[in-house]
Amino acid sequence: MSTIGGSVGVNGGTPGLAVRQIGTVQRQQAGVFEQLATGLRINRGADDPAGLISSENLRAVLAELEAESRALERTRQAADVADGSLGAIGDLLIEAEALAVANANEGGLSDAEREANQMEINSMLQSGDRLAQRCSFADSPLLRGGASLHAGDAELSIASAAVTDLGETEIDGSPYRLSDVGSGGRLDTSREGTSGAAIEVLREARAEILRSRGSVGSFVSNTVEPRVATLGVAIANTASAESSIRDTDYAQATAELNRLNLLEAASLTAATVGTFDPARILTLLG
């Protein structure tokens, strides 16, 4: 060994050390390049075992939160479908009620006019019943009875809107339903003395539709939407926490890559020249 001008020369020693240093640096460079390419600081368990465990647990939590959020969105869509159909049925009942009121004025209409009004009432009831029978979401009926909306542990049952189930009213000790108001029914308004009872049944049916719409709307606004908002915050926070553990910090990775490039250049110089000058290496490293 000889010392010349502050340089240390080792015959055969310094180049070998430099070559080993180059190999180490290049492996570290490959790791940094992988982080920059994938955008992930942890690409395998060896990169950070503890961080990998934390990240995977957070990803599992995030998947559960996102699944619940999607389920709530489907619930909201189903509620919108049910509300739309209920609104259309309610509009039909308003028109049918108006025709029943017109037929109650027995002295102002001819028999033919009253029969025509009754035909319209019957058509409206049939249309409303078809809406109730065909209203569905993802092939699940919503207005035939037995349907429910779910939001976590909360549940809302949607009442049937079929003509055979709406407007249950007791008049003079006899029970009536909306289906009795149809043509040929016990409350056919084209016959004398039936319009008053038919109006009562129609009003009760319309009130039931309004109650159903109100309960669906209340469930969405007071149960579904607050939970969706809460999940949105939880998803954002969980995703941020998982990202901070697993994702690449590009500023840090770029700085590390610059440091490794300087080390590689210094090691190449040492391997080529065969001398190792600590002062020069420190200068290269800043």
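Look above for the structure.
How each quantity is defined
Residues numbered from 1 in each chain as written. Predicted model: local features only at pLDDT ≥ 70, side-chain atom pairs only at ≥ 80, totals over all residues. Heavy atoms only, no water. 1 Å grid on protein atoms, 1.4 Å probe; cavity = no way out; pocket = protein on both sides within 12 Å on 5 of 7 lines; lining within 4 Å. Points joined across faces, edges and corners; volume = space filled by probe spheres on them. Helix = DSSP H or I, 4+ residues; strand = E, 2+ residues; numbered from the N terminus. Nonpolar A, V, L, I, M, F, W, Y, C, P; charged D, E, K, R; others polar. Axes fitted to C-alpha atoms, helices over the stretch in contact; angles between N-to-C directions. Parallel < 35°, antiparallel > 145°, perpendicular 65-115°, else oblique. Left-handed = near helix turned anticlockwise from the far one by under 90°. Contact = heavy atoms within 4.5 Å. Buried < 20%, exposed > 50% of the residue type's maximum accessible area, 1.4 Å probe, protein only. Salt bridge = Lys/Arg side-chain N within 4 Å of Asp/Glu carboxyl O. Polar contact = N/O pair within 3.5 Å; in protein donor to acceptor, adjacent residues only side chain to side chain.

The rolling of a water-molecule-sized probe over the atoms marks out the regions of remaining empty space. Scanning all chains against the criterion turns up 1 cavity of 30 Å³ or more. By volume, the largest cavity amounts to about 60 Å³. If you go around the largest cavity, the residues you meet are Ile89, Leu92, Leu93, Met124, Leu125, Gly128, Asp129, Ala161, Ala162, Val163, Leu166 and Leu178. Mapped onto the lining of the largest cavity, the elements with two or more residues apiece are helix H2 (49-104) and helix H3 (111-134). Of all the elements, H3 adds the most residues to the lining of the largest cavity, at 4 residues.

Let's shift gears to the layout of surface pockets. The volume enclosed by the largest pocket comes to roughly 190 Å³. Together, Ala71, Arg74, Thr75, Ala78, Phe137, Ala138, Ser140, Leu142, Ser148, Leu149 and His150 line the largest pocket. Those elements giving two or more residues to the lining of the largest pocket turn out to be H2 and strand S5 (147-151). The element best represented in the lining of the largest pocket is H2, accounting for 4 residues. Classifying every residue of the lining of the largest pocket by side-chain character gives 6 nonpolar, 4 polar and 1 charged.

The contact between H2 and H3 brings their axes to 9 Å, and the two run at 165°. Here H3 runs roughly antiparallel to H2, going by the angle between their axes. Handedness of the crossing formed by H2 with H3: left-handed. Across the interface between the two elements, Ser85, Ala88, Ile89, Leu92, Leu93, Glu95, Ala96, Leu99, Ala100, Ala102 and Asn103 of H2 pack against Glu113, Arg114, Asn117, Gln118, Glu120, Ile121, Met124, Leu125, Ser127, Gly128, Leu131 and Ala132 of H3. Of the residues contributing to the contact of H2 with H3, the split by class is 13 nonpolar, 6 polar and 4 charged.

Mapping alanine 236 onto the fold places it in helix H4 (residues 195-246). A residue is classified by how much of its surface remains accessible, and alanine 236, at 44% relative accessible area, is partly exposed. Along the chain, alanine 236 and leucine 62 lie 174 residues apart, while their C-alpha atoms are 9.0 Å from each other.

This paragraph deals with the pattern of salt bridges. Side-chain pairs of opposite charge can arise where the charged atoms are in close proximity. Applying the stated criterion to the full structure yields 9 salt bridges. For glutamate 56, the salt bridge goes to arginine 59, with nearest N and O atoms at 3.2 Å. Of this pair, glutamate 56 and arginine 59 are both found in helix H2, 3 residues apart, which corresponds to roughly one turn of the helix. Residue glutamate 97 is joined to arginine 206 by a salt bridge in which the shortest nitrogen-to-oxygen separation is 2.9 Å. Of this pair, glutamate 97 sits in helix H2 while arginine 206 sits in helix H4, and the two are 109 residues apart along the sequence. Overlapping salt bridges, with partners in common, bring together Glu97, Arg203 and Arg206 in one network.

Let us now look at the environment of threonine 169. With respect to the element layout, threonine 169 can be found in strand S7 (residues 169-171). By relative accessible area, threonine 169 is classed as buried at 13%. Distance in space between the C-alpha atoms of threonine 169 and arginine 203 is 9.8 Å, their sequence separation being 34 residues. When sequence neighbours within four positions are dropped, the list of residues in contact with threonine 169 reads Ser174, Pro175, Tyr176, Glu200, Val201 and Glu204. Looking at threonine 169, its side chain comes within polar contact range of the main-chain oxygen of glycine 167, at 2.9 Å.

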